[in-house]
Amino acid sequence: MPAPTKLLLTGPPASGKTTLLLEALRRAADAGDGTACLVVPTATMAQHLRHWMAREGLPLSPRAVQTLYAFIQPWAGKAAQIPTASLSLVCQEALERIRPPVFEPLRELPGFHDALASLLDELASAGCGAAALLEPHLRAYREAEFLPALAEVLAGAEEDLASAGLHLRASRLRIAASAIEEKGLGGLRQVFLDGFFTLTSVELDLVATLARHASVTITLPEWPGAETARRFLLEAGFTESKTAESRRQPRRVVVAAGNLEQEVNEMARRILEERAAGRRFHEMGIVVRGEGRYLPALRATLERLGIPARFYFAEPLSAIPVIGRVEAAVAAALRNWDHEALVDLLRLLPPSPDLDAAEFELLKRLPGQGLEALREAPALRTFLESVDRLSPLAAWRSERLVPGEWAKRLAELPRLLPAPVIEDGAPAAQVEAWRTEAAALRAFRAALEEAAVAAGIEPLPLAEFWDTVRLVVTGSELRVRDQRRDVVHVMDANEARQWELPVVFVGGLTEGNFPRRHSQNSLFSDRLRLALRESGYHLRTSAEAEVVERFLFDLAVSRATDLLVLSYPQFDNAGNETLPSFALQEMLDAGGLEMEECPAVRIRPDRPGLITRPPAIRDRTLRASVAERHAVITPSAVEAFLQCPYSFHARHTLGLNGRPPHPKERLDHSARGQIVHDVLAKSLLTAEDVETIFERHFSNACRSLNVPPGFRREALRLEMLASLRAFRRDESVPPGGDSRAERSFLFALPGGPTLRGRIDRIDRYPGHRALIIDFKYTRPVNLRRYISGHEDGVRVQAGVYLLAARECFQLEPAGVLFCAIRREVRWDGWHAGLPLRVGRGEEGGARLAELMQEAVDLIQRTVNEIAAGRIEPAPADPDMCGFCEFIDICRIETAAAPMTAGAAS
């Protein structure tokens, strides 16, 4: 048997290292003796290489291409590697038991437990135990004052792991290396390692052990972060062979988009252009740095445009709806069926019209607790049938069981929830959702078993065990296998190592985002990390982490063979200008990149004829019915139509209502305005002081709206009371002896509709003259906008109130004033011949007559357009769309002109 060989292949990204290694693997596989194995860092890379080799005509056994984790399994034996979520839990329990005073303020923060777990794993990978933190030369540093406490906690976690028979990844690698040294590799003669950016000290020791029992070929990219590993391998007797970059350079394009949405739309547009030119979807990929804001935007845009895509990102297990339903069910039961917890559960159940009605009913009843009070509501009947199936949970609250028994019970809980109805012929997206749900339930059962191991063997109540389960589930991830081939590949820069594609998009290239900026570790500073190197332990510093980020950037931009599209948003969501990343700027300065425009993109619907003409009611009978419904109309309804016909019909014709507000939000602007109006009306009719009137009305309103006490309620109470006191002190328009409050009116316009409404206050002056006053619980800046609305033809209230004074109360209209009384008092309006120092008296009676005639004209136009069936989204003031309850259904963006973000637009 020939002596084992040791070969190290190095070179820059895309220089052919993997190709050379796969050729060697092919030759070994052609021998047919099954003595070769390829080891890679990730499961997706293993799957990708198996598929690639199969397409090349060399189908391999799954054992021929393995992850490092799976490769060492025969030698690691029963050494179970602790999952990341459980490691955080172990650190939390060690911290709770030891409780060093220096960490007391941080003890209950989940992020601190995660930081401890990450540091423990990092130290172990560097071959450094907790005891190394107590070495004398570290005491010279100011940051070292908490090292004894940190070492004690980490040592406690190590002891807990050992007593539970669990191991860190580094410990498992050492066990495997020891077993290989003792027993050899069996019949394995060649080991190939590919895809590793660098190797930790523990991994390097394993490679050295492998090289003593088989021929080993390993690839390492040429970058500063791999230099330590390279030197180790050369000292261990490996022969280095360098590869030179040989692949032709793709065409490289830079696109500066207006914002993130435009950037994602531009990627999608170019993908569709490439597809129309004959390119297959699987020949294109998108690389971003981390999930962040890009992943949701990419998912939504690609799905909307029908572009099939595979996302190489793990989803948090707790984000899968079926797991969310289980969590919400347990939370509701533990809180004695608290109504707010029931709302959370309801929203996670499969949607239906019955549940929509139930959600509105539940929201109205918040806050509350228990199921019996809900059974009288017909709208909740269907929902309560689902909740009743969870009745065993209520009995579990008082039991104490060992964690293993709790895990068995909770594993059966999903069966108590509504199950999906699986039918033939379902669309691909639905089938994928079912597969995801099934995989999530398997992962949930595994998480329960993991939590049972972490929780020990002592009996405990459900609430305590559930806390452990939630921690494990929160830290668990789910990867659902996607077997589709012709899809666009969307991946993180770390995942990009295995890919070479004709067309690659690299997005989000703004400074600080890609490459990322790294701050020092809050638990273990760079100075301490550098100091540990004196003892031979290499921990990565923040500067080295940024070198890694730059390497990931260089890797990402080397994945394309035909076309590389680099993009970044020029403005963030707030409209602030961004900077292209310095790495991208270096590429621009070096030349060879083409700058291309990013045109504004409008998404065209699948059925182009769908919106070729404005939406309208075209059935004559229906138009007549709508016109009859609005034969009697209020000024506010007219103004709603003038602002947007679509919003008017949703609210006033269809009678649609928004979701009931949360109890803390029930004192909304409308409720507060009504309270203030009622207080002002009552104060005009009685000698009672305004504070007493307000307190009575405020208490009654909170009781009827079921507003719970709290900071927000008290803050709003004080704001309203201060506003009313300010109005009482204001003497700009004092009420006269003949003032009337809350006067209702109803009159018909000649040849037009009947108008109805209510005037807040009418002051009568000699000569049967009337001053109309309308109170607005709003800030002065909004009052100015309201006044200008009368000039812009979108307000009719002033003219209608003046007409009402003449037609209903037989008074001569002498003026109309609006008073804003939120936080400060401000008056504005029009009047003629009245002794007032506010408003626009200089305009005289001519303006009052104009206001009345303009109101008549606008009302006539409005009722004519209502009768003609006009219903399209057409906001007079687009800024008001953000306050509209129906913005999610009007789809105004399909009719809007393309817009560009930023000051330059």
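Refer to the structure printed above.
Please read these numbers as outputs of a predicted model, since none were measured by experiment.

Colleague: Talk me through the overall build of the chain; I want residue IDs and the actual numbers.
Modeller: The helix and strand inventory of the chain stands at 33 helices and 25 strands. When contacts within the chain are restricted to residue pairs at least 6 apart in sequence, those whose partners lie at least 24 apart make up 75%. Looking at the chain as shown, the accessible area adds up to about 43900 Å², and 51% of this sits on carbon and sulfur atoms. In the chain, 110 side chains carry a positive charge and 120 a negative one; their mean positions are 2 Å apart.

Colleague: Could you give an account of the pattern of salt bridges, with specific residues and numbers?
Modeller: For the structure on display, the rule yields 64 salt bridges. When the shortest N-O distance is used, the salt bridge between Arg97 and Asp160 registers 3.1 Å. Placement of Arg97 in helix H5 (residues 84–98) and of Asp160 in helix H7 (residues 147–164) is noted, with a sequence separation of 63 residues between them. On the basis of relative accessible area, Arg97 is assigned to the partly exposed category, the value being 47%. The salt bridge partner of Arg484 is Asp482, with a shortest N-O separation of 2.7 Å. When its relative accessible area of 42% is taken as the criterion, Arg484 is described as partly exposed. Residue classification places Asp482 among the buried residues on the basis of a relative accessible area of 9%. One network of salt bridges, in which partners are shared, links Arg251, Glu266, Arg269, Arg270, Glu273, Glu594 and Glu596.

Colleague: How would you explain helix H23 (residues 582–590) if you had to name every residue and give the values?
Modeller: The set of residues buried in H23 consists of Ala583, Leu584 and Met587. In a view along the axis of H23, the buried residues occupy a sector of 100 degrees, so they form one face of it. Elements in contact with the buried residues of H23: strand S9 (251–257), helix H22 (542–556) and strand S18 (560–569).

Colleague: Could you give me a rundown of the sheet that holds strand S7 (residues 215–221), with the residues and numbers involved?
Modeller: Read from one edge to the other, the open sheet built from six strands follows the order S3-S2-S6-S7-S1-S8, with strand pairing classed as parallel. The sheet terminates laterally at strand S3 (65–67) and strand S8 (239–242), the two strands that pair on one side only. Each adjacent strand pair in this sheet contributes to an overall mean axis angle of 20 degrees, direction not counted. Inspection of the sheet shows strand S2 (residues 36–40) paired to S3 by three bridges, in the parallel sense. From the neighbouring strand, Leu38 faces S3, where its bridge partner is Val65. Packing against the sheet, helix H10 (residues 227–235) makes contact with strand S1 (6–11), S7 and S8, and its axis sits at approximately 155 degrees to S7.

Colleague: Tell me about the pairing of S2, and please be specific about residues and values.
Modeller: Within S2, five of the five residues are buried, which leaves it mostly tucked inside the rest of the structure. Neither face of S2 is exposed, since Ala36, Leu38 and Val40 on one face and Cys37 and Val39 on the opposite face are all buried. In this structure, S2 lies alongside strand S6 (residues 190–193), joined through four bridges in parallel fashion. Counterpart to Cys37 in the pairing with S6 is Val191. For the crossover from S2 across helix H2 (residues 43–55) to S3, the handedness is right-handed.

Colleague: Outline the sheet that holds strand S11 (residues 309–311), supporting the account with residue identities and numerical values.
Modeller: In spatial order, the strands read S11-S16-S10-S17-S18-S9-S19; together these seven strands make up an open sheet with parallel pairing. Only two strands of the sheet have a single partner each, and these edge strands are S11 and strand S19 (594–596). Taking each pair of neighbouring strands and ignoring which way they run, the sheet shows an average axis angle of 20 degrees. Here five bridges tie strand S17 (residues 501–506) to S18, and the two strands are oriented parallel to one another. Each residue of the ladder has a partner; that of Phe505, found in S18, is Val565.

Colleague: Please give an account of a nonpolar patch on the surface that cites residues and values.
Modeller: A contiguous nonpolar surface patch, about 280 Å² in accessible area, is contributed by Leu654, Leu656 and Ile889. One can find Leu654 in the loop between helix H26 (645–653) and helix H27 (669–685).

Colleague: I'd like a description of the state of the cysteines, backed by residues and values.
Modeller: In this structure the tally under the stated criterion is zero disulfides. Between Cys884, a free cysteine, and Cys644, which holds the nearest cysteine sulfur, the sulfur-to-sulfur gap is 6.5 Å. Looking at Cys884, the relative accessible area reads 24%, which means it is partly exposed.

Colleague: Account for the side chain of Lys776, naming residues and giving values.
Modeller: Tracing the backbone shows Lys776 in strand S23 (residues 769–776). Only 2.9 Å separates the side chain of Lys776 from the side chain of Asp774, close enough to count as a polar contact. Beyond its immediate sequence surroundings of up to four residues, Lys776 is in contact with Tyr786, Gln797, Phe818, Cys819, Ala820 and Ile821.

Colleague: I'd like a description of the packing of H27 against helix H29 (residues 711–729), backed by residues and values.
Modeller: For the pair H27 and H29, the least separation of the axes is 11 Å and the interaxial angle reads 35 degrees. Along this stretch, H27 crosses H29, giving a crossing that reads as right-handed. Note on element contacts: H29 touches H27 through Leu716, Glu719, Met720, Leu724 and Phe727, opposite Arg672, Ile675, Val676, Val679 and Leu680. Considered class by class, the residues forming the contact of H27 with H29 number eight nonpolar, no polar and two charged.

Colleague: So what about the packing of aromatic side chains? Which residues, and what values?
Modeller: Under the definition given, this model contains 15 aromatic pairs. Pairing Phe514 with Phe553 gives two aromatic rings, centres 5.9 Å apart and planes at 80 degrees, and the pair type is edge-to-face. One end of the pair, Phe514, is in the loop between S17 and helix H21 (526–532); the other, Phe553, is in helix H22, with 39 residues separating them in the sequence. When sorted by exposure, Phe514 lands in the same class as Phe553, which is buried. Among the aromatic side chains, those forming a connected cluster through ring pairs are Phe103, Phe112 and Phe146. Here the guanidinium or amino end of Arg275 rests over the ring plane of Phe281, the centre of that ring lying 5.2 Å away. The cationic tip of Arg497 hangs over the ring face of Phe197; the distance from NZ or CZ to the ring centre is 4.1 Å.

Colleague: Explain the nonpolar core to me, using residue names and the numbers behind them.
Modeller: Membership of the largest hydrophobic core comes to 72 residues, with the highest contact counts inside it found for Phe71, Leu116, Leu150, Leu154, Val191, Phe524 and Leu532. Here the element with the most residues in this core is H7; it accounts for eight residues. Ignoring anything within four residues of it in the chain, the contact list for Leu150 reads Phe103, Leu116, Leu119, Leu133, Leu523 and Phe524. Counting residues in hydrophobic clusters, the runner-up holds 58 residues, among them Leu89, Leu363, Leu410 and Leu417.

Colleague: Hey, could you go over H26 for me, with residue numbers and the actual values?
Modeller: Along an α-helix, residues three or four apart share an orientation, since each turn contains 3.6 residues. Among all positions in H26, only Pro645, Ser647, Phe648, His649, Ala650 and Thr653 are buried. Backbone geometry just after H26 places Gly655 at a positive phi near 70 degrees.

Colleague: Talk me through the packing of helix H19 (residues 428–455) against helix H20 (residues 462–474); I want residue IDs and the actual numbers.
Modeller: Packing of H19 against H20 leaves a shortest axis separation of 9 Å and a crossing angle of 125 degrees. Viewed along their axes, H19 and H20 adopt a mutual orientation that is oblique. Of the two possible hands of crossing, H19 and H20 adopt the one that is right-handed. Contact residues: H19 offers Phe444, Ala447, Leu448, Glu450, Ala451, Ala452, Ala454 and Ala455, while H20 offers Phe465, Trp466, Thr468, Val469, Val472 and Val473. Of the residues belonging to the contact of H19 with H20, the class tally is 12 nonpolar, one polar and one charged.

Colleague: Outline the side chain of Thr67, listing residues and values.
Modeller: The residue Thr67 is located in strand S3 in this model. One polar contact links the side chain of Thr67 to the main-chain amide nitrogen of Ala70, over a distance of 3.1 Å. Contact partners of Thr67, with chain neighbours within four places excluded, come to Val39, Val40, Thr42, Ala43 and Ala46.

Reading guide: rules and limits
- Residues numbered from 1 in each chain as written.
- Predicted model: local features only at pLDDT ≥ 70, side-chain atom pairs only at ≥ 80, totals over all residues.
- Heavy atoms only, no water.
- Helix = DSSP H or I, 4+ residues; strand = E, 2+ residues; numbered from the N terminus.
- Contact = heavy atoms within 4.5 Å.
- Areas by Shrake-Rupley, 256 points an atom, 1.4 Å probe, with all protein chains shown as cover.
- Lys, Arg positive; Asp, Glu negative; His and termini not counted.
- Charge placed at Lys NZ, Arg CZ, Asp CG, Glu CD.
- Salt bridge = Lys/Arg side-chain N within 4 Å of Asp/Glu carboxyl O.
- Buried < 20%, exposed > 50% of the residue type's maximum accessible area, 1.4 Å probe, protein only.
- Arc of directions from axis to C-beta.
- Pairing = 2+ DSSP bridges.
- Axes fitted to C-alpha atoms, helices over the stretch in contact; angles between N-to-C directions.
- Right-handed = clockwise from strand over helix to strand, strands pointing away.
- Patch = residues over 30% accessible without salt bridge, like charges linked within 9 Å, V, L, I, M, F, W, Y side chains within 5 Å.
- Disulfide = S-S within 2.5 Å.
- Polar contact = N/O pair within 3.5 Å; in protein donor to acceptor, adjacent residues only side chain to side chain.
- Left-handed = near helix turned anticlockwise from the far one by under 90°.
- Nonpolar A, V, L, I, M, F, W, Y, C, P; charged D, E, K, R; others polar.
- Phe/Tyr/Trp six-rings, centres within 6.5 Å; stacked < 30°, edge-to-face > 60°.
- Lys NZ or Arg CZ within 6 Å of the ring centre and 35° of its normal.
- Core = buried A, V, L, I, M, F, W, Y, C linked by side-chain atoms within 4.5 Å.
- Parallel < 35°, antiparallel > 145°, perpendicular 65-115°, else oblique.

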